[in-house]
Amino acid sequence: MQSDMPYCGPAPNPADWFFVWNFDPFLITVLGAFLIGGAFAWAGATKHRQRALGFAGGAAVVAFVSPLCAMSVALFSARTIHHLVVFGALAPALAIAFPMRRFPMMAAFVGLSAALWLWHVPAVYSAAWQSVAVYWAMQTALILPAWAFWSAVLRTRDHTVVVWLVALVGQMGLLGALLTFAQNPFYLEHLSHAERFGLSALEDQQLAGLIMWVPGMLPIAAVAGLLALRLFREGLRA
């Protein structure tokens, strides 16, 4: 479905952005179904999985229902935060609660990498802005391989898992650098909206690059370090 209005609605005003929530009936129905399914799974789940289920639900609400959704229309930097919540919080929580066991690491990594780069192609970004169907196709293309990737990371018990995480961090660093040091804004949809929040479109894009480059990379680097430490300790016990 083509539309001049992006899925998350019009860009909010700086004075009332916190009160702009997304109550799309289709989205609420899907989240409700997830809640019901999660309730059934909750009963027989370990505490570890129960916490993951709750965290996944919370991350989904933050990404798609909370004002972050509307803010991603105003600011590209908010869109970057949205993506970090999706593949850095929602996806790993799903991987703990409902691990995908059949996807090899390489396929998951390639799929996640492709989704990350595609989201940053201006023509694709514009298509997701103009079409609800493309928007959700792109979200699905990000969530599913991220879910599979984190599932593979969590089940891998050798040093290769650190290599894959470092490769992901490297890609995020490259994307962040491209956004931070660009001389012109790539995403013209935010030209007028960013100015309402005191930023030029280029400054907003540079902020997005810094968010991806530093805060976005640190949690993944920390996971890589923890997994490397776990493998080292397991090696000592062997």
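Keep in mind that what you see is a predicted model, and the values were worked out from it rather than measured.

A. Structural detail: the overall build of the chain. Per the secondary structure count, the chain includes eleven helices and zero strands. Listed by position from the N terminus, the elements making up the chain come as α-α-α-α-α-α-α-α-α-α-α. What you see for the chain is a C-alpha radius of gyration of 18 Å, in line with the 18 Å of a compact globule of 238 residues. With the C-alpha coordinates of the chain rotated into their principal frame, the extents come out at 60 × 45 × 30 Å. When the 238 residues of the chain are sorted by exposure, 46% land in the buried category. As displayed, the chain has an accessible area near 11,800 Å², and 73% of this comes from carbon and sulfur atoms.

B. Main features of the packing of aromatic side chains. In the structure shown here, the tally under the stated rule is 17 aromatic pairs. Between the aromatic rings of W119 and Y125, the centroid separation amounts to 6.3 Å while the plane-to-plane angle is 70°, which identifies the pairing as edge-to-face. Each member of the pair, W119 as well as Y125, carries the same accessibility label: buried. Centre to centre, the rings of F181 and W213 are 5.6 Å apart; their planes meet at 80°, and the pair counts as edge-to-face. One end of the pair, F181, is in helix α8 (residues 160–181); the other, W213, is in helix α10 (residues 201–213), and 32 residues separate them in sequence. For F181, a relative accessible area of 55% puts it in the exposed group. Grouping aromatic residues by their ring pairs yields a cluster made of Y7, F64, F76, W119, Y125, W129, Y135, W136, F186 and Y187.

C. Geometry of the packing of helix α5 (residues 105–119) against α8. As a packed pair, α5 and α8 sit with axes 11 Å apart at the nearest point and diverge in direction by 10°. In this view, α5 runs roughly parallel relative to α8, as classed from their interaxial angle. Between α5 and α8, the residues in contact are M105, M106, F109, L112, S113, L116 and W117 and V161, W164, A167, L168, Q171, L174, L175 and L178, respectively. Of the residues contributing to the contact of α5 with α8, the split by class is 13 nonpolar, two polar and no charged.

D. A look at a nonpolar patch on the surface. Taken together, W17, F18, F19, W21, F23, I28 and V61 make up a surface patch of nonpolar side chains, about 750 Å² in accessible area. Following the sequence through the fold, W21 ends up in the segment before α1 (25–43). Look at W21 and you get partly exposed, because its relative accessible area is 38%.

E. Examining the packing of helix α6 (residues 122–130) against helix α7 (residues 132–155) more closely. In the contact formed by α6 and α7, the axes pass within 5 Å of each other and the chain directions differ by 120°. Regarding the angle of α6 to α7, the classification is oblique. Taken together, the residues of α7 that come into contact with α6 (itself represented by V124, A127, A128 and Q130) are V132, V134, Y135 and M138. When the residues that make up the contact of α6 with α7 are grouped by side-chain class, the tally is seven nonpolar, one polar and no charged.

F. Examining helix α4 (residues 76–97) more closely. With 22 residues, α4 should reach 32 Å at 1.5 Å per residue; the first-to-last C-alpha distance of 30 Å fits that figure. Of all 22 residues that make up α4, 19 are buried, and the element is covered over most of its length.

G. Local environment of the state of the cysteines. Taken as a whole and assessed by the stated rule, the structure comprises one disulfide. Paired by a disulfide, C8 and C69 hold their sulfur atoms 1.8 Å apart. When the S-S torsion is -75°, as for the bridge of C8 with C69, the disulfide is left-handed. Highlighted residues: C8 in the segment before α1 and C69 in helix α3 (residues 67–74), separated in sequence by 61 residues.

H. Local environment of the side chain of Q171. Checked against the element boundaries, Q171 lands in helix α8. Among the polar contacts made by the side chain of Q171, one reaches the side chain of S113 at a distance of 2.6 Å. A distance of 2.7 Å separates the side chain of Q171 from the side chain of W117, its partner in a polar contact. Setting aside residues up to four positions removed in sequence, Q171 forms contacts with F109, S113 and W117.

Rules behind the numbers
Residues numbered from 1 in each chain as written. Predicted model: local features only at pLDDT ≥ 70, side-chain atom pairs only at ≥ 80, totals over all residues. Heavy atoms only, no water. Helix = DSSP H or I, 4+ residues; strand = E, 2+ residues; numbered from the N terminus. Rg over C-alpha atoms; globule rule 2.2 N^0.38 Å. Buried < 20%, exposed > 50% of the residue type's maximum accessible area, 1.4 Å probe, protein only. Areas by Shrake-Rupley, 256 points an atom, 1.4 Å probe, with all protein chains shown as cover. Phe/Tyr/Trp six-rings, centres within 6.5 Å; stacked < 30°, edge-to-face > 60°. Axes fitted to C-alpha atoms, helices over the stretch in contact; angles between N-to-C directions. Parallel < 35°, antiparallel > 145°, perpendicular 65-115°, else oblique. Contact = heavy atoms within 4.5 Å. Nonpolar A, V, L, I, M, F, W, Y, C, P; charged D, E, K, R; others polar. Patch = residues over 30% accessible without salt bridge, like charges linked within 9 Å, V, L, I, M, F, W, Y side chains within 5 Å. Salt bridge = Lys/Arg side-chain N within 4 Å of Asp/Glu carboxyl O. Expected span 1.5 Å × (residues − 1). Disulfide = S-S within 2.5 Å. Polar contact = N/O pair within 3.5 Å; in protein donor to acceptor, adjacent residues only side chain to side chain.

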